[in-house]
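Fold and geometry: a report
Chain residues, written in single-letter form:
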Amino acid sequence: MTTRVGVVVYPGSNCEHDAVEAISNLGAAAELVWHTKTSLAGFDAVIIPGGFAHGDYLRPGAIARFSPVTGAIESFARSGGPVVGICNGFQVLTEAGLLPGALQKNRGLTFLCTTVGLRVESDGSVLTRGAVPGRVLRIPINHFEGNYTCSRATLDELRGGDRVILRYEDNPNGSVDDIAGICNETGNVVGLMPHPERACDPLLGSTDGRVLLVGLLAAAPVRR
Amino acid sequence: MVEVRLRPGIADPQGATIERALPALGFTGIAAVSVGKAFRFTVEAHSEDEAGERAEELAHRLLGNPVIEDSFVTVEVPV
């Protein structure tokens, strides 16, 4: 059976097609899910793609959190389903409270559009389960508000629970503890600022994103 | 009116940038610049207290992100 991945689309999301392309090329079936949908039943995994949901108005992800589909994402996540928020998707997950902390403006106050080295810190999440801890992946970033911040207590929880899954080799945006990606306690909800879906084709300069998305797809059938 | 400010201890690069630019514009002796947001709206309520409560709820659920921001509600009763 082909794994079905739901790629959520908010008004203003713009990376959904890249996600669909990457997932399809890896042999799974990806479908766009408009933000007014109230159910994600039938999907094996959910991706919240990058972009500018609701124009990033108020705060990135702040309004998306109240879209009908976000409730469905919460239910899906609570039932153990794999959810990956990429860039704006990570922002939506923190605003929705599915992941702790917040994403702030980059420390240098410039929009970053470049490829960075990400060190795999943990293989305990649905996204990094197939990756080798310590390995460095070359993945593009594309954001103005990628500076991950959280309280000292949250940081201790993340570190203690092996929930920091990716760190920047050379921190470009000021994120606390060089954090590029984290997961929830059960490892099925992941948020990361870099774009693995843009590192799946040799034409784009790196295929290091494949190991991450393949891991997500491998985590999916466990639900059925 | 709801004023949303970054919580103490949260980095404010916008405020810092503005502060750094001030001497070049001829302003001296100005420090501790921070940038926040102000939201204005009307609330239908039976009392000032009720209006304040509804505004507080809106502030904490949407207008400010409690992880990094504090919200301050001011109720202005129409004359």
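Quantities reported herein were computed from a predicted structural model and do not represent experimental measurements.

1. Remarks on the environment of Leu99 of chain A
All names here are of chain A. Within the fold, Leu99 resides in the loop between helix H3 (88-95) and strand S5 (102-104). Among the residues examined, Leu99 registers 26 C-beta atoms within 10 Å and is labelled buried. Discounting chain neighbours no more than four positions away, the residues touching Leu99 are Leu93, Thr94, Ile182, Asn184, Val189 and Gly191.

2. Some points on the environment of Pro196 of chain A
Residue and element names in this part refer to chain A. Tracing the backbone shows Pro196 in the loop between strand S11 (189-192) and helix H5 (210-219). For the pair Pro196 and Thr207, spaced 11 residues apart in the sequence, the C-alpha separation amounts to 8.6 Å. Among all residues touching Pro196, those that are not within four sequence positions of it are Ile139, Gly209, Leu212 and Leu213.

3. Quick look at the sheet that holds strand S3 (residues 69-73) of chain B
Residues and elements named next belong to chain B. Read across the sheet, three strands follow the order S2-S1-S3 without closing on themselves; strand pairing throughout is antiparallel. Each edge of the sheet is formed by a strand with only one pairing partner; in this case those strands are strand S2 (37-39) and S3. Across the sheet, the mean angle separating the axes of adjacent strands is 20 degrees when strand polarity is ignored. In terms of strand pairing, strand S1 (residues 2-6) meets S2 through three bridges, oriented antiparallel. Bridge pairing in S2 places Val2 opposite Phe39. Those strands touched by helix H2 (residues 48-63) are S1, S2 and S3, and its axis lies near 160 degrees from that of S3.

4. What to know about the interface of chain B and chain A
Across the boundary between the two partners, chain B contributes nine residues, which contact 11 residues of chain A. In terms of residue count, the dominant contributor to the side of chain B that touches chain A is helix H1 (residues 13-21) of chain B (three residues). By residue class, the composition of the side of chain B that touches chain A is six nonpolar, three polar and no charged.

5. Comments concerning the sheet that holds strand S4 (residues 83-86) of chain A
All names here are of chain A. Here we have nine strands laid out as an open sheet, ordered S2-S1-S3-S4-S11-S10-S9-S6-S7, and mixed in their pairing. Looking at which strands have only one partner, the edges of the open sheet turn out to be strand S2 (29-34) and strand S7 (136-143). If you compare each strand with its neighbour and ignore which way they point, the axes differ by 25 degrees on average. Relative to strand S10 (residues 179-183), strand S9 (residues 164-168) runs antiparallel, the two sharing three bridges. Bridged to Leu166 within S10 is Gly181. Contacts between helix H2 (residues 68-78) and the sheet are confined to strand S1 (4-9), S2, strand S3 (45-48), S4 and S11, with S4 contributing the most and set at about 130 degrees to the helix.

Reading guide: rules and limits
- Residues numbered from 1 in each chain as written.
- Chains lettered and ligands numbered in written order.
- Predicted model: local features only at pLDDT ≥ 70, side-chain atom pairs only at ≥ 80, totals over all residues.
- Helix = DSSP H or I, 4+ residues; strand = E, 2+ residues; numbered from the N terminus.
- Buried ≥ 20, exposed ≤ 12 C-beta atoms within 10 Å, placed from the backbone.
- Contact = placed C-beta atoms within 7 Å.
- Pairing = 2+ DSSP bridges.
- Axes fitted to C-alpha atoms, helices over the stretch in contact; angles between N-to-C directions.
- Nonpolar A, V, L, I, M, F, W, Y, C, P; charged D, E, K, R; others polar.

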